[in-house]
Amino acid sequence: MAAGNVNPFNLSDSEDEADQRAEDGVHIEKSPSVGTQGPSSNNPFSPQADAEPPALLVSSTRTSPSVEGISVSVAAAAMTVTLAETRVSVDVIAAQLIRDHYILTALEFHTELLESGRELPRLRDYFSNPGNFERQTGTPPACKEQGLGPGGPLNRAGSISTLDSLDFARYSDDGNRESDERVAVLEFELRKAKETIQALRTNLTQAAESDTQERNKNYSSHPETQEPIRPLEKRALNFLVNEYLLKNEYKLSAITFSDENDDQDFELWDDVGLNIPKPPDLLQIYRNCGSALPSPRNTVDVAVGVESGELTGNYITQKSDLLQQQQTEVVEELEYQISLLNEEKQSLADYIKKLQSEIQSLRRTVSPPPHDQGSQPNPPSSSTPPQPLLDNGQYLDIRGASEPDKPPTESTPPTQTISNPTHTSSQPHAKLKSRGTVVFDQPNRKLSPAFQQALLSFCKMSADSRLGAEVSRIADNEESVMLMLGRCLPHIVPNVLLAKREELIPLILCTACLHPEPKERDQLLHILFNLIKRPDDEQRQMILTGCVAFARHVGPTRVEAELLPQCWEQINHKYPERRLLVAEACGALAPYLPKEIRSSLVLSMLQQMLAEDKADMVREAVVKSLAIIMGYIDDPDKYSQGFELMLLSLGDPSERVVSAIHQVFIPAFAAWTTELGNLQTTLIPSLLARIEKLLKQGEHGLDEHKLHMFLSALQSLIPPLFSVVIQNAPFIHRVNLQGDIPPIEVTRFPRPASPLQDIATIVGSRETLSALLILYDYQLEHEGTTGWDSLLWVVNQLLPQLIDIVGRINVASTTCVHEFSRFFWRLCRTFGKIFTNTKVKPQFQEILRLSEENVDALTGNGILTKATVPIYATGVLTCYNQDEDRKLLVGFLEDVMTTLSLSHAPLDSLKASFVELGANPVYHELLLTVLWYGVVHTSALVRCTAARMFELLVKGVNETLVAQRVVPALITLSSDPEISVRISTIPAFGTIMETVTQKELLERVKMQLASFLEDPQYQDQHSLHMEIIRTFGRVGPNAEPRFRDEFVLPHLHKLALGNNVQATESKRIDIATQLFEAYSALSCCFISEELMVNHFLPGLRCLRTDMEQLSPEHEVILSSMIKEGEMKVENRGIGQAEGSVSIAASLVGEDAKTKFLSKMGQLTTSGAMLANVFQRKK
């Protein structure tokens, strides 16, 4: 049919017509050529071999590729010769095609019958029976004679197991199919068939592990005597359980059950086993449990054949010859299989004898291991738990660093002894006889043991749990392997198919360590890294623990050759959990790798993941692993690469990554630079240079994010810098750890962000740090800094450069001020009070030069307007909180306020100091003390400054202090003889109206503001009116509505009305501009109709009158605002009228609203029901 659109068969329309012709005596002749196109295709193992003539049986086992590849046109031509003059039944044609193995032709024939609505039962049953397409193992003699391979002819059972799984479009009669497409399809089906056959053979092998007697013995009435379930039995039961769940509508349970057994196909019974008949369902088994079950051997697969009555002519005469040929082939094939089995039996017997001789020789050459209770070793028993003495000296335990009996003696990983596996061709299972010492490449480093231990603590390993203990111990002889298997297998068997696959890790690791074949070891390690699809934290810890145990056992060479390739393969895995495992493994294995690989391949892998990986948790793990690499690297040429990695990580958008860089990477990198001598000469100056460059580039806009990035890195370098100072001090040789050493005060140092930033960890211990601190303070106070180069660098180079940088940042940038204040606070707290008082404060005081003699000298006081003032006040003077420190801070702020006020200088630096200090409630009383000093000062300029500072302080102070300290001071200033002082209090009063809720306070402030507006002496005070209008526009939208409605809007109306008659044009435009800003801010608030009509709209009209003459562009905006307000008033009036008329409608609406709310109140079960309420009815 694929050769053309003309059907060569002159088919009858129905089977009834063919039957009628048979009754009329129509004789159907058959061409002798039909049926001889290929070799015999009878299946010698078919259950029907004895029941029906072999010529009628059908099997695809021996269908040759040449037969399957015959085009449809050839088959059609052959059939045309046969049926040129006679119409035959479609069923006869189908039978003939099946018998002669024109499988594809029969399939297309069946497809066309289906499309025309005439389904043929014979073809339907044939293609629906999987038994017609099963492939027998072995190579029959007939196949060997034909030159076919050991697998026999091509079998397509793997892809055409049932008719429902066929792709009919692939075999459609389109007439344009290319030969190469058919070849590709056949190759794909051949590959799938081979895979299916391999899986079936595996199942069949597992099912045949025990003989029939063992199987019968397990059918005991006592379940406790039965052996564990076998894989074949488990798959069969799984299939029946899934079938039961589906039949009884337990679909969710069936889906869950199928997911938990994802290695089994529940759609096909043949997936259970090869040639295994399907038992009855669970219901039938339960009903027949009291009676004997029918033997599975009584059930057979029935193949589809052709009835003998349907065939006539010489075909029937050939029946006996074909039957005899079939039986002959069966006998030959059975004899061939018997010969194969005999050969295999002989080879296995020879191999057993060989193994027995090797075992005897090993027993003679290897002496048993010593035991405490006799010379005979105790054989491992599954029923006897292993004794502790059997593990003595036979395991390598990675917990040696933390066990009391194995204390670490140096900062490098402890050396372990391993067994050298010796194997030859004659002794493949020889015992491990000797142990050699594994020596790891030790970095030329001087890390303290405590620092190194804290650094390695970031490798997530767990050896405390039962499973962690099993993973950390690796057996090195056969007896220990048996003991380990006895402990682990009881936990593996019940959990291997669930989420506890980490139970397999000890078994995999031990086998990977001791297996002699590199290929097998590589496969096992591949299984280890792919054991769990998406391992969680605990599972990753177990795998990492096993990797470290493996590394300690096998040495650096095998770690490089066997473990690293597994990491490299999964560096771009699609699951972030797998990439996270790779990142963590690189850090955990770093101490056990050759130093060349550590600083090249591993560093490059981590650098690539840091730059390319999109998952935050992966980059975080990469940063921690890079820190461990930095703790073990000793190649000075890699310093620049480490510095670039630090900058790259600091700019990461994820807070997790940035936190990891500060907690782990920077301390480890600083420890390395300290050993290189680059901390004070290269690392810190590089960061300072980048900050200065950033300030030069940011004259028109500073990149505050980059400034924070560099400054935070400098802040993380303060603990390493201090450790360098005290460890290179002149008194280092006088450190004495003997005797009583006083403990360090809890508040002596800032709280470290991680253990690696703890100075006690850096120097070695808290006792060492305490002894160094005592000598440090004494040296600073009594002996000075002569010859103390590391400290002199801090005093003479670092501090002046930092103070210069501080003087160049913008004081208005609260973020920069806050960052530098924190930096100086941590620097002073770390270096101590004596250092702060004698080295830091004098340098700031020299620059600031706060003295009364310089009050009138404007030159030289420009530094007072820079960020130096708030950073010195909040970063240096607040480090210590004793009375003298607080007095010094109060005095400094009073002097700055006085100096800036009398110099008529900008107050930005003082405001920044108040904002930074006001954020901490501890300093509120102190700031109020400073302001009271300004309130009672003799200079009106200072009093004005104090009044303006109250505005900044009111927002953060609690209402009690506002009532007791702020409002009385402001009222005092509001009655000051100087009008400028009184005007300066208006913004503070407005801020109180915006933030305070106490009615008494609000009334007092309202009265004071009313006196400013209504007192005749202020009628011509232009600056006062300007300040009031500006304050109303700022606080009006956030103030209490009553204050806004009763006070702000009416007075704005009066001010706008009075401005219409202002004679001075400059004052008039100033007032109009401020009124425009105030009305624009208040237009967003809700204004009642009465206020809109009486005050808001009249005020806007007065303002429009001014703007028509002074600023036409503002007049357009005011007109639109007035129009919008009038429309709101009209709409409200219409709404009220409609509401008064339709009272009945409102009652109906209220009734509907009540019903709706009651309906909503009943919906308490789920959101889905709530959504159904709003669906339209259909």
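Residues numbered from 1 in each chain as written. Predicted model: local features only at pLDDT ≥ 70, side-chain atom pairs only at ≥ 80, totals over all residues. Heavy atoms only, no water.

### A closer look at the overall build of the chain
Of the regular secondary structure elements, the chain holds 51 helices and four strands. When the 1178 residues of the chain are sorted by exposure, 46% land in the buried category. Restricting the contact set of the chain to residue pairs at least 6 apart, pairs at least 24 apart contribute 73%. When the accessible surface of the chain is split by element, carbon and sulfur atoms take 53% of a total near 60,200 Å². (Helix = DSSP H or I, 4+ residues; strand = E, 2+ residues; numbered from the N terminus. Buried < 20%, exposed > 50% of the residue type's maximum accessible area, 1.4 Å probe, protein only. Contact = heavy atoms within 4.5 Å. Areas by Shrake-Rupley, 256 points an atom, 1.4 Å probe, with all protein chains shown as cover.)

### Some words on unusual backbone geometry
For glutamate 249, which is not a glycine, the phi torsion comes out positive at approximately 65 degrees. Relative to the elements of secondary structure, glutamate 249 occurs in the loop between helix H10 (231-247) and helix H11 (251-260). The exposure class of glutamate 249 is exposed, given its relative accessible area of 55%. Even without a glycine there, the phi angle at histidine 904 is positive, about 55 degrees. Tracing the backbone shows histidine 904 in the loop between helix H37 (883-902) and helix H38 (908-918).

### Quick notes on a negative patch on the surface
Negative charge collects at one region of the surface, where Asp259, Glu260, Asp262 and Asp263 lie side by side. Along the chain, the position of aspartate 262 falls in the loop between H11 and helix H12 (282-287). Residue aspartate 262 is classed as exposed on the basis of its relative accessible area of 63%. (Patch = residues over 30% accessible without salt bridge, like charges linked within 9 Å, V, L, I, M, F, W, Y side chains within 5 Å. Salt bridge = Lys/Arg side-chain N within 4 Å of Asp/Glu carboxyl O. Lys, Arg positive; Asp, Glu negative; His and termini not counted. Charge placed at Lys NZ, Arg CZ, Asp CG, Glu CD.)

### Observations regarding the nonpolar core
With 240 residues, the main nonpolar core has Met646, Phe665, Phe824, Phe831, Phe835 and Phe950 as its most contacted residues. If one sorts the elements of this core by residue count, helix H27 (residues 655-676) sits on top with eleven residues. Residues contacting phenylalanine 950, with those up to four places away along its chain left out, are Leu928, Leu931, Val935, Val966, Ala969, Leu970, Leu973 and Ala988. By size, the runner-up hydrophobic cluster in this structure holds 17 residues, among which are Ile93, Ala94, Phe127 and Phe133. (Core = buried A, V, L, I, M, F, W, Y, C linked by side-chain atoms within 4.5 Å.)

### Looking at the packing of helix H20 (residues 537-554) against helix H21 (residues 556-569)
Two measures define how a pair of helices packs: the angle their axes make with one another and the distance between the axes. The geometry of H20 relative to H21 is characterised by a closest axis approach of 8 Å and an angle of 140 degrees between their N-to-C directions. The element H20 and its partner H21 pack so that their crossing is right-handed. Within the contact between the two elements, H20 uses Cys547, Phe550, Ala551 and Val554 and H21 uses Arg558, Val559, Glu562 and Leu563. Of the residues assigned to the contact of H20 with H21, the class counts are six nonpolar, no polar and two charged. (Axes fitted to C-alpha atoms, helices over the stretch in contact; angles between N-to-C directions. Left-handed = near helix turned anticlockwise from the far one by under 90°. Nonpolar A, V, L, I, M, F, W, Y, C, P; charged D, E, K, R; others polar.)

### Details of the environment of leucine 650
As for its placement among the helices and strands, leucine 650 is situated in helix H26 (residues 639-650). Separated by 16 residues in the primary sequence, leucine 650 and isoleucine 666 place their C-alpha atoms 10.0 Å from one another. Excluding anything up to four places from it in sequence, leucine 650 contacts Val658, Ile661, His662, Ile666, Met709 and Ala713.

### Describing the environment of arginine 751
In this structure, arginine 751 sits in the loop between helix H30 (718-727) and helix H31 (759-763). Sequence separation between arginine 751 and arginine 826 is 75 residues; the distance between their C-alpha atoms is 9.5 Å.

### Brief notes about the packing of aromatic side chains
Within the structure shown, the criterion is met by 21 aromatic pairs. Here phenylalanine 844 and tyrosine 872 contribute two aromatic rings whose centre-to-centre distance is 5.0 Å and whose plane-to-plane angle is 20 degrees, an arrangement assigned as stacked. Separated by 28 residues along the polypeptide, phenylalanine 844 in helix H35 (residues 833-848) and tyrosine 872 in helix H36 (residues 868-876) bring together distant segments of the chain. Across the pair, exposure class does not vary: phenylalanine 844 and tyrosine 872 are buried alike. One aromatic cluster in this structure is built from Phe722, Phe731, Phe749, Tyr776, Trp788, Phe831 and Phe835. Positioned above the aromatic ring of phenylalanine 749, the side-chain terminus of arginine 748 is 4.4 Å from the ring centre. (Phe/Tyr/Trp six-rings, centres within 6.5 Å; stacked < 30°, edge-to-face > 60°. Lys NZ or Arg CZ within 6 Å of the ring centre and 35° of its normal.)

### Remarks on helix H29 (residues 704-716)
Each α-helix turn comprises 3.6 residues. Residues three or four places apart therefore point the same way. Its 13 residues give H29 an end-to-end C-alpha distance of 18 Å, which sits within 8% of 18 Å, the value for a rise of 1.5 Å per residue. Those residues of H29 lying buried are Leu707, Met709, Phe710, Leu711, Ser712, Ala713, Leu714, Gln715 and Ser716. Against H26, H27, helix H28 (679-697), H30 and helix H34 (814-831) lie the buried residues of H29. (Expected span 1.5 Å × (residues − 1).)

### Looking at the side chain of arginine 122
Position of arginine 122 relative to the elements: it lies in helix H6 (residues 121-128). Judged by relative accessible area, arginine 122 falls into the buried class, the value being 10%. One polar contact links arginine 122 to aspartate 91, side chain to side chain, over a distance of 2.9 Å. (Polar contact = N/O pair within 3.5 Å; in protein donor to acceptor, adjacent residues only side chain to side chain.)

### A closer look at the packing of helix H43 (residues 986-995) against helix H45 (residues 1022-1035)
Here H43 crosses H45 at 20 degrees, and the two axes come no closer than 9 Å. Between H43 and H45, the angle falls in the class roughly parallel. Of the two elements, H43 crosses H45, and the hand of that crossing is right-handed. Facing H43, whose interface residues are Ile986, Pro987, Gly990, Thr991 and Glu994, H45 presents Leu1024, Glu1027, Ile1028, Thr1031, Arg1034 and Val1035. Grouping the amino acids of the contact of H43 with H45 by side-chain chemistry returns five nonpolar, three polar and three charged. (Parallel < 35°, antiparallel > 145°, perpendicular 65-115°, else oblique.)

### Regarding the pattern of salt bridges
Taken as a whole and judged by the stated rule, the model has 34 salt bridges. Linking aspartate 100 and arginine 99 is a salt bridge whose minimum nitrogen-to-oxygen distance equals 3.1 Å. Among the salt bridges present, the one from arginine 445 reaches glutamate 675, with a minimum N-O distance of 2.6 Å. Here arginine 445 is found in the loop between strand S3 (435-437) and helix H15 (449-456), whereas its partner glutamate 675 is found in helix H27, with 230 residues between them in sequence.

### A look at the confidence of the model for the chain
The predicted model of the chain has a mean per-residue pLDDT of 74, with 69% of residues at 70 or higher. The low-confidence segment residues 209-213 (pLDDT under 50) makes two contacts with residues lying over four places distant or belonging to another chain. Low pLDDT, under 50, characterises residues 1159-1178; the predicted model gives this stretch six contacts beyond four residues in sequence or across chains. (pLDDT = per-residue confidence, 0-100.)

### Quick look at the side chain of serine 913
Topologically, serine 913 is positioned in helix H38. Among the polar contacts listed, one links the side chain of serine 913 to the backbone oxygen of serine 909, at a separation of 3.0 Å. Among all residues touching serine 913, those that are not within four sequence positions of it are Val869, Pro870, Ala873, Thr874 and Leu893.

### Some points on H20
Spanning 18 residues, H20 covers 26 Å between terminal C-alpha atoms, matching the ideal 26 Å at 1.5 Å per step. For H20, the buried fraction is high: 15 of the 18 residues fall into the buried class. The first or second residue beyond H20 is glycine 555, which carries a positive phi of 95 degrees.

### Comments concerning the environment of valine 996
Mapped onto the secondary structure, valine 996 falls in the loop between H43 and helix H44 (999-1014). Its relative accessible area of 6% is what places valine 996 among the buried residues. Excluding residues within four positions of it along the chain, valine 996 makes contact with Glu959, Val962, Leu1001 and Leu1002.

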